[in-house]
Amino acid sequence: MHAARLTLQPAASIGAISPRLYGSFLEHLGRAVYDGIYEPGHPSADADGFRTDVIELVKELGVSAVRYPGGNFVSGFRWEDSVGPRGERPRRLDLAWHTTETNEVGLHEFQAWLDKVGSELMLAVNLGTRGVQEALDLLEYANHRGGTALSEQRIANGRTEPFDVRIWCLGNEMDGPWQLGHSTAEEYGRLAAKTAGAMKAYDPDLELVVCGSSGSSMPTFGEWERVTLTETYEHVEYISCHAYYENTGDLGSFLASGVDMDFFIRSVIATADHVKAVRGSDKSIDISFDEWNIWYISRFENVDRITGVDNWPIAPRLLEDTYSVADAVVFGSLLITMLKHADRVTSASLAQLVNVIAPIMTEPGGAAWRQTTFFPFAATSAHGRGVALDAAVSSGTYRTEKFGEVALVDAVATHDEEAGTYAVFAVNRAVDGPTELVVDLTALGARAGELEVTVRTLSDPDIDAANTREDPERVALTDLPFTRDGDLLRVELPAVSWTEILLTNP
Ligand code: AHR
């Protein structure tokens, strides 16, 4: 058996965990909105046409904020299409996903849905095919109290109180050649600076996210961040990171995907701090990791992609990946990686939420269920609160094709001071057997003995096991036994597993 050790030390604070770390993302893409959150004919639909079974699952998932309405979609989106009387809203081609957008659900409806699930709106503006004026118009429509043409239009459309959106994305993935309006860093940086400056002229307290790279392997990675931040530094609070991982057959490297995410985060922090130094600024830029997940992009490219000049379906099945236990273990490890950078990753959005590369799946007229990835997210969101702690993990290593030597066990701890509770989240990447993890509680003093311990894991002898329409409860968290020996806890982490250890008040 492999061996690993970590220490729970309240003094080893990395930083406060922002509630926005547990955000998600919902795009007008495939069946995320239509037949996802919204299905008026469904037996569980409420008076607004929203599925209440999905609302309950989103609440259980614990999603703090939702980025909307895209994604690639936003780069061709006219926000005006999505407000006003539904019968008068135009149908539009969505060039990003080669579909037809009906605009049946728009800003007002989405905010109504967010109110039901209890999440904050993170709104993206189109800087692909549009610019400063359209962003300002949307800002005035959404946030201005009244007395102007656009704010009165909102009121006439049924919303007296402003939406008061606090956090805004300045476009989406503008470094990507696939993006409508794809730009160089200089072009985008200038446009983002002008847009951000104008938005701040309206409200200096807005929180703005400038687009970073679509992945650490983009050819412009690093330089893109330097240039765009140089242009926008004083106007923005965040730079975005996006990262998707998939198992291409090299399981060892796939299980180590957190190493890439860690490199990505460190590099962006270093670049942001470099620009800070050059500018002599006293402000630091945080990371909004506003797209992260497992995504079988190759399946989309080779099988799902829609083409044909006469073929623009409404809400087709797109990007409906089924997630395995191994996927969920990697997914849980990505949350661990972000928590290890909680001081600088203060906003994040799991991409996405329903049906589209999602933890929640639905069938039209039928059931909604939890994918394997639902469990690590829900558990980390529920218990990974307060302050992130460096757990000083030590373990053996294994050799990977992509990342060289990688630790078998990665982990982070959290401390909710108010509740007086602790959590440890750990991933065991070993494929050949369990790892005995020793958790040293000495630093908790007498408190250690007073806390109740529960250990739950996501693992399965079949790492390809998944929850499906036919078998929606095949995979769930299960209790793990542990032993307590003075101030030492011993837990046997199964091979390829994600585990949470909770220390709570009895
Ligand atoms: O989440 C799916 C897509 O991935 C988003 O629309 C885009 O921003 C990214 O490339």
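Because the structure is a prediction, the values reported are computed rather than measured. (Residues numbered from 1 in each chain as written. Predicted model: local features only at pLDDT ≥ 70, side-chain atom pairs only at ≥ 80, totals over all residues. Heavy atoms only, no water.)

Caption draft 1: Broad picture of the overall build of the protein. A count of helices and strands for the protein gives twelve helices and 26 strands. Relative to the globule expectation of 23 Å for 506 residues, the C-alpha radius of gyration of the protein, 23 Å, shows essentially globular dimensions. Considered along the principal axes of its C-alpha atoms, the protein spans approximately 70 × 60 × 45 Å. Here the protein, with 506 residues, has 60% of them falling under the buried criterion. Summarising the internal contacts of the protein: among those between residues at least 6 apart in sequence, 77% fall at separations of at least 24. If you sum the accessible surface of the protein, you get close to 18,500 Å²; carbon and sulfur atoms cover 50% of it. Charge-centre separation for the protein: the mean point of 41 positive side chains lies 3 Å from the mean point of 75 negative side chains. (Helix = DSSP H or I, 4+ residues; strand = E, 2+ residues; numbered from the N terminus. Rg over C-alpha atoms; globule rule 2.2 N^0.38 Å. Buried < 20%, exposed > 50% of the residue type's maximum accessible area, 1.4 Å probe, protein only. Contact = heavy atoms within 4.5 Å. Areas by Shrake-Rupley, 256 points an atom, 1.4 Å probe, with all protein chains shown as cover. Lys, Arg positive; Asp, Glu negative; His and termini not counted. Charge placed at Lys NZ, Arg CZ, Asp CG, Glu CD.)

Caption draft 2: Structural context of the site of the ligand. Taken together, 13 residues form the shell around the ligand, and within it Glu 27, Asn 72, Glu 173, Tyr 244 and Glu 291 come nearest. Within the side chain of Glu 291, an N or O atom sits 2.6 Å from an oxygen atom of the ligand. Across the complex, the protein chains shield 96% of the 280 Å² of accessible surface that the ligand would expose by itself. Among the residues making up the shell around the ligand, the classes are represented as six nonpolar, four polar and three charged. (Near = heavy atom within 4 Å. Polar contact = N/O pair within 3.5 Å; in protein donor to acceptor, adjacent residues only side chain to side chain. Nonpolar A, V, L, I, M, F, W, Y, C, P; charged D, E, K, R; others polar.)

Caption draft 3: Focus on the nonpolar core. Core analysis: the biggest nonpolar cluster contains 165 residues, and Trp 168, Phe 289 and Trp 292 have the highest contact counts within it. The leading source of residues in this core is helix α10 (residues 325–339), at eleven residues. When residues of this core are assigned to domains, at least three map to each of domain 1 (2–8 + 389–504) and domain 2 (18–383). Setting aside anything within four residues of it in sequence, one finds Trp 292 in contact with Ala 243, Met 261, Phe 331, Leu 334, Leu 335, Met 338, Ala 348, Ser 349, Leu 350, Ala 351 and Phe 377. (Core = buried A, V, L, I, M, F, W, Y, C linked by side-chain atoms within 4.5 Å. Domains from an automatic or database assignment.)

Caption draft 4: Seen up close, the packing of α10 against helix α11 (residues 374–383). Put simply, α10 and α11 touch, their axes get as near as 8 Å, and they point 25° apart. Here α10 lies roughly parallel to α11, going by the angle between them. Of the two elements, α10 crosses α11, and the hand of that crossing is right-handed. Residues Ala 328, Phe 331, Gly 332, Leu 335 and Leu 339 of α10 form the contact with α11, whose participating residues are Pro 376, Phe 377 and Thr 380. The residue makeup of the contact of α10 with α11, split by class, is six nonpolar, two polar and no charged. (Axes fitted to C-alpha atoms, helices over the stretch in contact; angles between N-to-C directions. Parallel < 35°, antiparallel > 145°, perpendicular 65-115°, else oblique. Left-handed = near helix turned anticlockwise from the far one by under 90°.)

Caption draft 5: View of the pairing of strand β17 (residues 397–400). Residues Tyr 398 and Thr 400 line the buried face of β17, whereas the alternating positions Thr 397 and Arg 399 sit on a face that is not buried. Across four bridges, β17 lies against strand β18 (residues 404–407) in antiparallel orientation. What sits directly across from Thr 400, in β18, is Gly 404. Counting the residues in the hairpin turn of β17 and β18 gives three residues. (Pairing = 2+ DSSP bridges.)

Caption draft 6: How the structure looks around α11. The buried fraction of α11 amounts to eight of the ten residues, a majority that puts the element mostly inside the structure. Those residues of α11 lying buried are Phe 374, Phe 375, Pro 376, Phe 377, Ala 378, Ala 379, Thr 380 and Ser 381.

Caption draft 7: Examining the sheet that holds strand β4 (residues 65–68) more closely. An order of β3-β4-β7-β8-β9-β10-β11-β12 is seen for the eight strands of this closed barrel, with the pairing classed as parallel. Here the average twist between neighbouring strands, direction ignored, is 30°.

Caption draft 8: Summary view of the side chain of Ser 333. One can find Ser 333 in helix α10. Looking at Ser 333, the relative accessible area reads 1%, which means it is buried. Setting aside chain neighbours within four positions, we find Ser 333 in contact with Leu 255, Gly 258, Val 427 and Trp 498.

Caption draft 9: Spotlight on the packing of aromatic side chains. Applying the stated criterion across every chain yields a total of 17 aromatic pairs. Aromatic pair Phe 221 and Phe 263: ring centres 6.2 Å apart, planes at 65°, arrangement edge-to-face. With a gap of 42 residues between them, Phe 221 in the loop between β9 (207–210) and α6 (223–232) and Phe 263 in helix α8 (residues 257–279) connect regions that are remote in the sequence. Classification of Phe 221 by relative accessible area gives buried; the value is 17%. On the basis of relative accessibility, which here comes to 44%, the residue Phe 263 falls in the partly exposed class. (Phe/Tyr/Trp six-rings, centres within 6.5 Å; stacked < 30°, edge-to-face > 60°.)

Caption draft 10: Spotlight on the environment of Ala 446. The residue Ala 446 is located in the loop between β21 (435–440) and α12 (447–450) in this model. Its relative accessible area of 66% is what places Ala 446 among the exposed residues. Spatially, the C-alpha atom of Ala 446 lies 19 Å from that of Ala 413, the residues being 33 residues apart in sequence.

Any link to function would need more than the numbers given here.
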